[in-house]
Amino acid sequence: MDNFSPSIRSWFRLNHRRLPWRGSKDPYIIWLSEIILQQTRVEQGKPYFQRFTDHFPDIQSLANASEQEVLNLWQGLGYYSRARNLHATAKHISENLNACFPNSYRELLKLKGVGPYTAAAISSIAFDEKAAVVDGNVYRVLSRVFDIATPIDSTQGKKEFQQLADELITDEDPGDHNQAIMELGATICTPSNPDCGHCPLNDKCLAYARGVISARPVKQGKTKTRDRYFHYLVFDNDAETIIVKRTEKDIWQHLFQFPLLEGESIEELLPNGFHSVSPTIKHILSHQRIYARFYHYNFIPELDDSWKKIKWSDIEDHPLPALIDKYLESVRAEN
DNA sequence: AATACGGGGAT
DNA sequence: ATCCCAGTATT
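Residues numbered from 1 in each chain as written. Chains lettered and ligands numbered in written order. Predicted model: local features only at pLDDT ≥ 70, side-chain atom pairs only at ≥ 80, totals over all residues. Heavy atoms only, no water.

**Things to note about the protein's contact with DNA strand B**
- Taken together, the neighbourhood of DNA strand B is formed by 24 residues, with Thr-155, Ile-251, Trp-252, Ser-286 and Lys-326 sitting nearest.
- Close to the protein, within 4 Å, the atoms of DNA strand B belong to sugar or phosphate groups at a rate of 60%.
- One of the side-chain N or O atoms of Arg-41 is found 3.1 Å from a base nitrogen in DNA strand B.
- Contact between DNA strand B and Trp-252: a phosphate oxygen at 2.9 Å from a main-chain N or O atom of the residue.
- Classifying every residue of the surface near DNA strand B by side-chain character gives seven nonpolar, eleven polar and six charged. (Near = heavy atom within 4 Å. Polar contact = N/O pair within 3.5 Å; in protein donor to acceptor, adjacent residues only side chain to side chain. Nonpolar A, V, L, I, M, F, W, Y, C, P; charged D, E, K, R; others polar.)

**With respect to the pattern of salt bridges**
- A complete count under the given rule lists 13 salt bridges for this structure.
- The partner of Lys-46 in a salt bridge is Glu-43, and the shortest N-O contact between them spans 3.2 Å. With Lys-46 and Glu-43 both in helix α3 (residues 42-55) and three residues apart, the pair spans about one turn of that helix.
- We classify Lys-46 as partly exposed; its relative accessible area is 24%.
- For Glu-43, a relative accessible area of 53% translates into the label exposed.
- One salt bridge in this structure joins Arg-228 and Asp-250, with 2.7 Å as the shortest N-O distance. Residue Arg-228 is found in strand β1 (residues 226-235), and its partner Asp-250 is found in the loop between β2 (240-245) and β3 (256-257); the two are separated by 22 residues along the sequence.
- Using a relative accessible area of 4% as the deciding quantity, one classes Arg-228 as buried.
- For Asp-250, a relative accessible area of 26% corresponds to the partly exposed category.
- Counted as one network, the salt bridges with shared partners bring together Arg-228, Arg-246, Glu-248, Asp-250 and Glu-262. (Salt bridge = Lys/Arg side-chain N within 4 Å of Asp/Glu carboxyl O. Helix = DSSP H or I, 4+ residues; strand = E, 2+ residues; numbered from the N terminus. Buried < 20%, exposed > 50% of the residue type's maximum accessible area, 1.4 Å probe, protein only.)

Dropping the structure here:
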């Protein structure tokens, strides 16, 4: 399809959303926005982008920060390895690459937290390299326009869609081309109720012509969830509390939380004398359900080395999982 | 080739 | 309740 790229690019010029990172060619800004937007909706990422650019206007300031500081700003956004990799990569570029941002797809791909999508996004937008992005939007748009039924979460599918995207991108404005497909997927060619009437590709969209839009893209994935039961012990003497840092290879790595007992049966886990002062909080994540319960105990016990006693007023300086943060909010609201 | 990794919004 | 989001790293 020879006029694919011109069609979407001219549509994009007239219809794109105004976003805080748009218009910048600074690889640091593009990189930062792309990391934040991985598996994250634009609206959810926006305030975080603002916070990060406020605190860290350039890569040097980010490299000079502590990991805890970075995680604290990331708090609530999820996929915290993105924040740890972001910080590590900033330090790496600052210390080993002479503060010079890698400027090609190949070199970008070597950075922690930068995969094929992000490397293509940065190199095309910041350096005008002809590298095609393939993200959730691209899968959807291409599977519909070309009516491709290969599952997008299969190895074959990834290969096929990347190859097609590579053929469609042009030498002219590869960055705009990439952003145009994604913008189309985000605003017109949406998962449900796509606005085909206003789509610049509706005259050549095969799935549209065949009436199979809702059947594209095809996904084989079975998202299985598992249940986990978290019982938090809040040692609470009004002035101080105890928190521990999660270090094991699991969710919320490097984040702080109250000491935790994990297991289904409350009775078997909970020591005598503890009592619940809050209702059970059920938290649903994409791939696991976390049932959390908080037990207050007004006594600070002898501490293990891994435990940390802090003032209640200092707890906000520590990166906490969104779940804990919400719990603290509800407690404060009661008082 | 599968699985782990968050949290929020839409349906 | 399920799906999906401007995906990547690990197993």
